[in-house]
Structures are given as structure tokens and as C-alpha cells.
Amino acid sequence: MTVSVRRRGRRVLPPLALALALLGVWQLYVESGSVDALILPSPTDVASALYNDRGLLWDALGPTALEVLAGIAIAVAIGMVLAVAIHLSSTLRRAVHPLVLASQTVPIPVVAPLLIFWLGFGLAPKLVIVALICFFPVVLNTLDGLADVDPGLLKVMHTLDASRWATLRRVELPSALPGVFSGAKIAIVVAVIGAVLAEQAASEQGLGHLIQLSTAELDSARSYAAMVVLSAFAILLFGTLTLLERQLLPWAHRTRRGDPR
Amino acid sequence: MPAKGAMQTRLEAPALEPLQAGPDDVVAVEAVTRRFAPARRGGEAVLALAQMSLRVARDEVVAVVGPSGCGKTTLLELVCGLQQADGGSVRSEPAVYMPQRDLLLPWAGALDNAALALRIAGLSRTQARERARPLFARLGLSGFEDQRPDALSGGMRQRVAVLRTLLSGRPVLALDEPFAALDALTRRDLQDWLAGALAAEPRTIVLVTHDVEEAVLLADRVIVMSQRPGRAVEEIAVARPRPRRDTDPELVALRERALKALHR
Ligand SMILES: Nc1ncnc2c1ncn2[C@@H]1O[C@H](COP(=O)(O)OP(=O)(O)OP(=O)(O)O)[C@@H](O)[C@H]1O
Ligand SMILES: [Mg+2]
């Protein structure tokens, strides 16, 4: 008991201490008056904005969270299918690979307004943007996983007369699942940015919209508070996905005798 | 068996001529050449096998011993149809391959790993597990059905891999140093178990090993290969009844003979 408490303390303490130290430096810097509070509000200002505007922030988080979650889900679904297709066909690989790469060089702020003309002001353009920037890490990591199978295992499957489908289903797909999770985890980070950009292009709701509004109203403390909420949401999502992966793919995370890798 | 007796007394020949393939041969490798392209441009091609011949009759266990890098794995992959020969001919009934390392599916439990071939053959998971269970128990793995490979000892993993190979139902088993990675005690255990299993139910096996003792303990015939490029330089029939004891003076003599051929 005491051991586990102490161990948990050892895991939580360093990040907490570092965060507090950084906040302290930030606070002192702002209080020293060397920066305009409109540009950089102090941590205490942000904290009080977090508290005072909690209803506003909470309401704004809903739509953004929906865009992020649904966008990642779409990206994972499309990304996995695309990765498997590319894995199975070298022709497709040659044909699709440049396009997949090109899709990642698309500057979101430029295409966002176009998508809104095209798809309207609703959820659709935001999902397209979030999914567009998320599917790349999913495809790449899934492809890596599919190709990462031990060639000896493929030889065994071959001499067992396994069909292409059987090999995919029994060997390659399971081995790719950790890659799907890593892809999704990387996707979280870009999804959050994508959702904010999409909301800033055209939206009446969401954290991106709130940030835009607060900046226009010179309420930078609230703007920062919205960013804090956004980060907290991303961290929470990341942690959830990590836990889920531990639960669903324990073999990918444990070496002998259950030692965490 | 007069034929085997005759082979046993056969004199050491510098190299074996390609053997006449009989109609009852399950595996017939005839004067095979295998060359690997150079890794870099301008590099030298590796000649792995040159004039290698091997034949295996039904329910015969043939051990192939040879120095490291002489082309033993290459030979097995040719027999299994995983590679194509550059010269000569390879004919074999369907052979299942057991790689040099125990390659199990890390996400699947031990019993599911053992039953992999049955799943591929189209059995349901329940059926496959039930079919695999008796042998699983005989190998002393009871209680570990649902342990994933990372929770098994090396010896257990190897047993599961052997089991997966046995359950494939293929006419020919191609085993690549199946016990090499194990400690002496476990290895002896598994050798005894395999010898027992073969006495109860003979199978056609090509057993690659670098362990001459293992070869004479398990095989009906031992083929000794030369340094690379590999070819058969000696054939030793082991016409001893099973179960065999490694202290059997005749076995010791055969072992000496194989070792001499190996170091020639
Ligand atoms: N795919 C390949 N490409 C190039 N060279 C290869 C390839 N496979 C094998 N070789 C070469 O062929 C030779 C024989 O290899 P092989 O693996 O058959 O030897 P082996 O007798 O099984 O050795 P060991 O006892 O160490 O397992 C080696 O020199 C090896 O480098
Ligand atoms: Mg080898």
C-alpha cells in the first residue's frame, strides 16, 4: 500500500513540480511588468478566467470535443482501410502514396473557407478538416505495423497454405493494431489544432470560436483559459487511448513477468 | 531392414552421387544449386548449395547436419517451396516449415498458437482448440492454454511451436534446429518426447541440426553436409531400435563417424 502510494507519488511529482515552477516563472515575469497583460495574462488571471467563465468554456468544449472525436474516428477508419489496400497492392501504393503525401501539405487555413462554401457551416467541413490531417499518421503507422511482421512467420503461414486473407487476418492485422493506436495518439495532437482552425474559419461555437471572440474582445485571459481547456482535453484523450490500448493489446506492452516495457 | 543395414556399412565416399529417387520418396532433392545474388552491385554472389541431393522416404526421419552457413536452412526452404532452386530439381509432398526460432503469435494464447494450422484449415476456434488439447496436455503444457508467449518459458514456447508444426497435418515436417536454443536439460526432454511421439506415430521429417548427438538419437538416416557451398558428403544409416540411449556404443560409434565427416 505505502509502496504503491509512494510509487504513484514519484510518477506524479516530477511533472507537477515542473509545471508549478514554469507557472511561477511566468507569473513573476508578468508581474515584473515587462510584458503587456493584454498579450500575456498572468497564470492567476487565466485561472480566474477559467473559474469565472467555466460555463462558457464548458459549452464551447462540447462541439470541439465532438469534432475531434468524430474526426479521429473517421480518420482511423479510412486510414486503416487505405493502409491495408496499400499494403496489399504495390500498384495502389505507387498510385496513392504521392496523393497521401500531397494531402498533408494542404494549408488548412486556405482550404477551410473553401470547404465551408462547399459543405456549409455545420459539422461536415470541420470533420473533413480534422480527418484530413489525422489520417496521415494513422496510415503511416498502420502500414509500418502491417509490414513489421517477422518474415519467418509469413513463411510458416505460407507452408500452412494460408490464403492472403488468412495471413492478413491472423498475422498482419493484429500486428498492425499497436501502430493504429500510435497513429491515433499522434492524431489527437493535430486534431485539436485542426478543429480550432476549422472553427475559426467559420463557426458560432466551439473553443476555436471562443478563442477568436475573446481575442477580438481583448480578453486574453479567457483566450488562454480556452487553450488550457483544449490542452487538458487533449491530454485526457491521450491518456484514455493509452489506457484503452493497455487493456486491448496487453501483449504489445508487457514483456515477461508483466514488467512494463 | 536389409536396405538400411547395407547403407550403414557403406564406405565413406568423398561425395555422394545423386541418389536414385524411388517412387516411394516423399522428398526428392536432386543435385540442387542455390545461388544468392550479391547484396551490393559488384559484390560476390553467394553459392549456398552446389550439387546437393537428399531424399526422404515416407515416415522416415532424416537429420541434416553441417557447419554453420552451409545451406541447411536454404535446403529446408527449398523443400517447403519457400525458395526456388537455381539448378537441379526439388520435389516434395507438402511440407510445413518450423523456423529456427520459435515464432509464435504474440497476441494469441499457447493453445490458440498450437492450433493455428487447424484454424487456417477452416475449423472453428472451439473445434481447433479441442483437437489440439490432447497433444497439448501430452507435452506437459496443461494449465498454460491461455498464456501468451511472453508468459511462457523458452522451452514451453518451443514445445508450442513443435505442436503447431505437428498439428499442421502436412505429410512432411521441416524442422530447422528445433531445439538448438534450449538448455541441455530441456533439450533432452523434448528430444525424448519427440522420439516417443515418432515411435507411436511415425512422420516424415527433415530435421536440420548442428548437434550430431541429436541427429543419431532421432533420425533413421543422417546426412552430413560440407562447408559452403553445401552438398552431402556422408550418409549414415542409424538402424537402432527406439527408444535409443545416447550411451549405446553403436550410437557413439555412428556419432564419431558423423563428427569425422563433419570435420573433414
Ligand atoms: N536470402 C539470402 N540472401 C543472400 N544470402 C543468403 C540468403 N539466405 C542465405 N544466404 C547465404 O547462404 C548461405 C547459407 O545460409 P543458410 O541460412 O542456409 O545456412 P545454415 O546452414 O542454415 O546456417 P546456420 O547453421 O547458421 O543456420 C549463407 O552464407 C548465407 O549468408
Ligand atoms: Mg539455418
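Structural data are supplied above this passage.
As the structure is a prediction and not an experimental result, all values here were calculated from the model. (Residues numbered from 1 in each chain as written. Chains lettered and ligands numbered in written order. Predicted model: local features only at pLDDT ≥ 70, side-chain atom pairs only at ≥ 80, totals over all residues. Heavy atoms only, no water.)

Colleague: Could you give an account of the sheet that holds strand β4 (residues 87-92) of chain B, naming the residues involved and the relevant values?
Modeller: Residues and elements named next belong to chain B. A sheet is described by the order of its strands in space; here 3 strands give the open sequence β2-β1-β4, paired in antiparallel fashion. The two strands at the open ends of the sheet, each matched to only one other strand, are β2 (46-57) and β4. Between one strand and the next, the sheet's axes are offset by a mean angle of 20 degrees, whatever the strand orientation. Strands β1 (25-36), β2 and β4 of the sheet are contacted by helix α2 (residues 72-79), whose axis makes an angle of about 125 degrees with β1. (Pairing = 2+ DSSP bridges. Helix = DSSP H or I, 4+ residues; strand = E, 2+ residues; numbered from the N terminus. Axes fitted to C-alpha atoms, helices over the stretch in contact; angles between N-to-C directions. Contact = heavy atoms within 4.5 Å.)

Colleague: Give a description of the site of ligand 1 that names residues and reports values.
Modeller: All names here are of chain B. Near ligand 1, the surroundings consist of 13 residues, among which S68, G69, K72, T73 and T74 are the closest. Within the side chain of Q100, a nitrogen or oxygen atom sits 2.9 Å from an oxygen atom of ligand 1. At 3.3 Å from an oxygen atom of ligand 1 is found a side-chain nitrogen or oxygen belonging to E177. Expressed as a share of its isolated accessible area of 630 Å², the protein-covered part of ligand 1 is 64%. Taken together, the elements giving at least two residues each to the shell around ligand 1 come down to β2 and α2. When residues in the shell around ligand 1 are grouped by element, the largest group, 3 residues, is from α2. (Near = heavy atom within 4 Å. Polar contact = N/O pair within 3.5 Å; in protein donor to acceptor, adjacent residues only side chain to side chain. Areas by Shrake-Rupley, 256 points an atom, 1.4 Å probe, with all protein chains shown as cover.)

Colleague: So what about the pairing of strand β8 (residues 221-225) of chain B? Which residues, and what values?
Modeller: Residues and elements named next belong to chain B. The buried fraction of β8 amounts to 5 of the 5 residues, a majority that puts the element mostly inside the structure. With 4 bridges joining them, strand β3 (residues 61-65) and β8 adopt parallel strand pairing. Bridge pairing in β8 places V62 opposite R221. Pairing geometry for β8 and strand β9 (residues 232-237), over 5 bridges, is antiparallel. Bridging from a neighbouring strand, V224 pairs with E234 of β9. Between β8 and β9, which follow one another and run antiparallel, lie 6 residues. (Buried < 20%, exposed > 50% of the residue type's maximum accessible area, 1.4 Å probe, protein only.)

Colleague: Pulling in residues and values, what's your account of helix α7 (residues 151-159) of chain A?
Modeller: All of the buried residues along α7(A) are G152(A), L153(A), V156(A), M157(A) and T159(A). In the core, the buried residues of α7(A) are packed alongside α8 (164-201) of chain A together with β5 (95-98), α4 (116-120) and α6 (154-166) of chain B. Near the N-terminus of α7(A), the side chain that reaches the backbone nitrogen of G152(A), with its oxygen 2.8 Å away, is that of D150(A). Phi for D161(A), located one or two positions after α7(A), is positive at around 65 degrees.

Colleague: Could you give me a rundown of the coordination of the magnesium ion (ligand 2), with the residues and numbers involved?
Modeller: Taken together, the protein donors to the magnesium ion (ligand 2) comprise T73(B) (OG1) and Q100(B) (OE1), at separations of 1.9 to 2.7 Å. In this pair, T73(B) is assigned in helix α2 and Q100(B) in the loop between β5 and α3 (110-114), connecting sequence segments 27 residues apart. (Donors = N, O, S within 2.8 Å, 3.2 Å for Na, K, Ca; no water.)

Colleague: Explain the packing of aromatic side chains to me, using residue names and the numbers behind them.
Modeller: Residues and elements named next belong to chain A. For the structure shown, the criterion picks out 2 aromatic pairs over all chains. Seen from their ring centres, W26 and Y224 are 6.2 Å apart, and the 55 degrees between their planes marks the pair as tilted. Linking W26 in helix α1 (residues 2-31) with Y224 in helix α10 (residues 220-248), this pair joins segments that are 198 residues apart in sequence. Owing to a relative accessible area of 25%, W26 belongs among the partly exposed residues under this scheme. A relative accessible area of 23% places Y224 in the partly exposed class. (Phe/Tyr/Trp six-rings, centres within 6.5 Å; stacked < 30°, edge-to-face > 60°.)

Colleague: Tell me what's going on with a positive patch on the surface, and back it up with residues and numbers.
Modeller: Residues and elements named next belong to chain A. Taken together, the side chains of R6, R7, R8, R10, R11 and R246 present a region of like positive charge at the surface. Ranked by the residues each element gives to the positive patch, the list is headed by α1, at 5 residues. In this structure, R11 sits in helix α1. For R11, a relative accessible area of 67% corresponds to the exposed category. (Patch = residues over 30% accessible without salt bridge, like charges linked within 9 Å, V, L, I, M, F, W, Y side chains within 5 Å. Salt bridge = Lys/Arg side-chain N within 4 Å of Asp/Glu carboxyl O. Lys, Arg positive; Asp, Glu negative; His and termini not counted. Charge placed at Lys NZ, Arg CZ, Asp CG, Glu CD.)

Colleague: Before we move on, could you go through empty space enclosed by the protein and cite the residues and values that matter?
Modeller: Regions of empty space are outlined by a rolling probe, equal in size to a water molecule, passed over the atoms. Residues and elements named next belong to chain B. Counted according to the given criterion, the structure contains 2 cavities of 30 Å³ or more. Roughly 30 Å³ of volume is contained in the second largest cavity. V162, T165, L166, L173, L175, L194 and I205 are the residues that line the second largest cavity. Mapped onto the lining of the second largest cavity, the elements with two or more residues apiece are α6 and β6 (172-176). The greatest single-element share of the lining of the second largest cavity, amounting to 3 residues, is contributed by α6. Shared between two domains, the lining of the second largest cavity holds at least three residues of each, these being domain 1 (25-94 + 171-263) and domain 2 (106-167). (1 Å grid on protein atoms, 1.4 Å probe; cavity = no way out; pocket = protein on both sides within 12 Å on 5 of 7 lines; lining within 4 Å. Points joined across faces, edges and corners; volume = space filled by probe spheres on them. Domains from an automatic or database assignment.)

Colleague: Any details on the sheet that holds β5(B)? Residues and values, ideally.
Modeller: All names here are of chain B. Taking strand neighbours across the sheet as the criterion, the 6 strands line up as β5-β6-β7-β3-β8-β9 in an open arrangement whose pairing is mixed. Looking along the sheet, the strands with just one partner apiece sit at the ends: β5 and β9. Direction aside, the axes of adjacent strands within the sheet are offset by 15 degrees on average. Two strands pair when backbone bridges link them, and β6 and strand β7 (residues 204-209) are joined in this way by 5 bridges, in the parallel orientation. Residue pairing for β7: V172 is matched across the bridge by T204. Strands in contact with helix α9 (residues 249-262) are β3, β8 and β9; relative to β9, the strand with the most contacts, it is inclined by about 180 degrees.

Colleague: Go over the side chain of T204(B) with me, naming the residues and quoting the values.
Modeller: Residue and element names in this part refer to chain B. Tracing the chain through its elements places T204 in strand β7. Judged by relative accessible area, T204 falls into the buried class, the value being 2%. Engagement of the side chain of T204 in a polar contact is seen with the backbone nitrogen of D59, the distance being 2.8 Å.

Colleague: Give me the layout of surface pockets: which residues, what numbers.
Modeller: In this structure, the second largest pocket spans a volume of roughly 290 Å³. Lining of the second largest pocket is provided by 16 residues; of these, D148(A), V149(A), D150(A), P106(B) and W107(B) occupy positions nearest its centre. Among the secondary structure elements, those contributing two or more residues to the lining of the second largest pocket are α6 (123-147) and α8 of chain A. Residue contributions to the lining of the second largest pocket peak at 3 residues, all from α8(A). Here the lining of the second largest pocket is built from residues that sort into 8 nonpolar, 3 polar and 5 charged. (Nonpolar A, V, L, I, M, F, W, Y, C, P; charged D, E, K, R; others polar.)

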